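Fold and geometry: a report
Each chain, written out:
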Amino acid sequence: SQTIHQWPATLVQPVGSPLSLECTVEGTSNPNLYWYRQAAGRGLQLLFYSVGIGQISSEVPQNLSASRPQDRQFILSSKKLLLSDSGFYLCAWSPGLAFQETQYFGPGTRLLVL
Amino acid sequence: AQSVSQHNHHVILSEAASLELGCNYSYGGTVNLFWYVQYPGQHLQLLLKYFSGDPLVKGIKGFEAEFIKSKFSFNLRKPSVQWSDTAEYFCAALSTSGTYKYIFGTGTRLKVLA
């Protein structure tokens, strides 16, 4: 069966420090991968998605970037964190090639920037 | 622009009351529609989905949703809620145009009083 992992679960970082959040998927190949930020009252905001290695689409201009160095690995990064980057970050995957597929979400990372 | 609207942000019900959560979407073409649920402390998970065919779809735990194309709506219903239905509910839409992009509504927090 497929599983999705995210780490760390919780992170407290100072303003201006770098960030690296990792997401890995097991049990499937060539998934579509997604990074979301979930904020209270604002739902899930799609940040990045990827349909293959090295292929990243950015949805909103921001202080963050994403990379997909391997088929089942998706990394969310920042060179210098801002206070406004605080939030709950969710990684998700869906089977590639089909438009009807469900997304499967990871446990999330709660980031607090101080 | 593509969008998904959930007009009920917070709903409080007593056990055995009936539930209906509204979801409206704005898309230029054909869409697939989803309801996801996030129970306290758990991952986001799929409740039900509509791709085509019978506009009344049934999901887990007694939930159902009706796709009304003329109203661009996909409302979630349950005849009799339980305390364990306390959760946050998200409506989502996926364009079938091949962009792989899901758009989520802002979510509805449901609290069921025992």
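For the structure, see preceding data.
Since the model is a prediction, treat every value here as computed from it, not as a measurement.

A word on the overall build of chain B
- For chain B, the count of helices and strands is zero helices and 12 strands.
- Taken from the N to the C terminus, the helices and strands of chain B come in the order β-β-β-β-β-β-β-β-β-β-β-β.
- Scaling as 2.2 N^0.38, a compact globule of 114 residues should have a C-alpha radius of gyration of about 13 Å, and chain B matches this with 14 Å.
- Considering only C-alpha atoms, chain B reaches an extent of 45 × 25 × 20 Å along its principal axes.
- For chain B, the proportion of its 114 residues judged to be buried stands at 46%.
- Long-range pairs, those at least 24 residues apart, make up 56% of the contacts in chain B between residues at least 6 apart in sequence.

Looking at the pattern of salt bridges
Residue and element names in this part refer to chain B.
- One pass over the structure, following the stated rule, counts six salt bridges over all chains.
- The partner of Glu 64 in a salt bridge is Lys 58, with the nearest N and O atoms 2.9 Å apart.
- Sharing partners across several salt bridges, the network here consists of Lys 58, Glu 64, Glu 66 and Arg 77.

Brief notes about the sheet that holds strand S8 (residues 73-78) of chain A
Residues and elements named next belong to chain A.
- Taken together, four strands build an open sheet; the order of strands is S1-S3-S8-S7 and the sheet is antiparallel. Of all the strands in the sheet, the pair left with one neighbour each is strand S1 (3-7) and strand S7 (65-70). When strand polarity is set aside, the average angle formed by the axes of neighbouring strands in this sheet is 20°.

Comments concerning the environment of Arg77(B)
All names here are of chain B.
- Along the polypeptide, Arg 77 turns up in strand S9 (residues 73-78).
- On the basis of relative accessibility, which here comes to 23%, the residue Arg 77 falls in the partly exposed class.
- Separated by 57 residues in sequence, Arg 77 and Glu 20 place their C-alpha atoms 4.4 Å apart.
- When residues no more than four places from it in sequence are discounted, the contact partners of Arg 77 are Leu 19, Glu 20, Leu 56, Gly 62, Phe 63, Glu 64 and Glu 66.
- Engagement of the side chain of Arg 77 in a polar contact is seen with the side chain of Glu 66, the distance being 3.2 Å.

Some thoughts on the nonpolar core
- Counting residues in hydrophobic clusters, the biggest one holds 30 residues, and the most contacted among them are Trp35(B), Leu47(B), Leu48(B), Phe74(B), Leu76(B) and Tyr89(B).
- Residue assignment for this core shows that the elements contributing at least two residues are strand S2 (10-14), strand S3 (19-21), strand S5 (31-38), strand S6 (44-50), strand S8 (64-68), S9, strand S10 (87-95) and strand S12 (108-113) of chain B.
- Among all residues touching Leu76(B), those that are not within four sequence positions of it are Leu19(B), Glu20(B), Leu21(B), Trp35(B), Leu47(B), Leu48(B), Phe63(B), Glu64(B), Ala65(B) and Tyr89(B).
- Counting 20 residues, the second largest nonpolar core, distinct from the first, contains Ile4(A), Leu11(A), Phe48(A) and Val113(A).

Re the state of the cysteines
- Tallying each qualifying case throughout the model produces two disulfides over all chains.
- Each disulfide pairs two cysteine sulfurs, and for Cys23(A) the partner residue is Cys91(A), the sulfurs being separated by 2.0 Å. On the sign convention where negative is left-handed, the bridge of Cys23(A) and Cys91(A), at about -75° about the S-S bond, is left-handed. Linking Cys23(A) in strand S3 (residues 19-26) with Cys91(A) in strand S9 (residues 87-94), this pair joins segments that are 68 residues apart in sequence. An identical accessibility class is assigned to Cys23(A) and Cys91(A); each is buried.
- The disulfide bridge from Cys23(B) ends at Cys91(B), spanning 1.9 Å between sulfur atoms. Between Cys23(B) and Cys91(B) the sulfur-sulfur dihedral comes to about -65°; the bridge is accordingly left-handed. Highlighted residues: Cys23(B) in the loop between S3 and strand S4 (24-26) and Cys91(B) in strand S10, separated in sequence by 68 residues.
- Classification of Cys91(B) by relative accessible area gives buried; the value is 0%.

Quick word on the interface of chain A and chain B
- Contact with chain A, which involves 24 residues of that partner, is made by 21 residues of chain B.
- Between chain A and chain B lies a buried interface of about 1900 Å² when both sides are counted; carbon and sulfur atoms form 57% of it.
- For the pair chain A and chain B, the number of links is zero salt bridges.
- Along the contact surface separating chain A from chain B lie five residue pairs in polar contact (both at pLDDT 80 or more).
- Listing elements by their share of the side of chain A that touches chain B, those giving two or more residues are strand S4 (32-39), strand S5 (43-52) and S9 of chain A.

Some points on the pairing of S2(B)
Residue and element names in this part refer to chain B.
- Here S2 shows a clear split, with Val 11 and Leu 13 buried on one side and none of His 10, Ile 12 and Ser 14 buried on the other.
- The sheet contact formed by S2 and S12 spans five bridges and is parallel. Bridge pairing in S12 places Ile 12 opposite Lys 111.

Cut-offs used in this document
- Residues numbered from 1 in each chain as written.
- Chains lettered and ligands numbered in written order.
- Predicted model: local features only at pLDDT ≥ 70, side-chain atom pairs only at ≥ 80, totals over all residues.
- Heavy atoms only, no water.
- Helix = DSSP H or I, 4+ residues; strand = E, 2+ residues; numbered from the N terminus.
- Rg over C-alpha atoms; globule rule 2.2 N^0.38 Å.
- Buried < 20%, exposed > 50% of the residue type's maximum accessible area, 1.4 Å probe, protein only.
- Contact = heavy atoms within 4.5 Å.
- Salt bridge = Lys/Arg side-chain N within 4 Å of Asp/Glu carboxyl O.
- Pairing = 2+ DSSP bridges.
- Axes fitted to C-alpha atoms, helices over the stretch in contact; angles between N-to-C directions.
- Polar contact = N/O pair within 3.5 Å; in protein donor to acceptor, adjacent residues only side chain to side chain.
- Core = buried A, V, L, I, M, F, W, Y, C linked by side-chain atoms within 4.5 Å.
- Disulfide = S-S within 2.5 Å.
- Buried area = accessible area lost by both parts, 1.4 Å probe.

Structural measurements only, silent on function.
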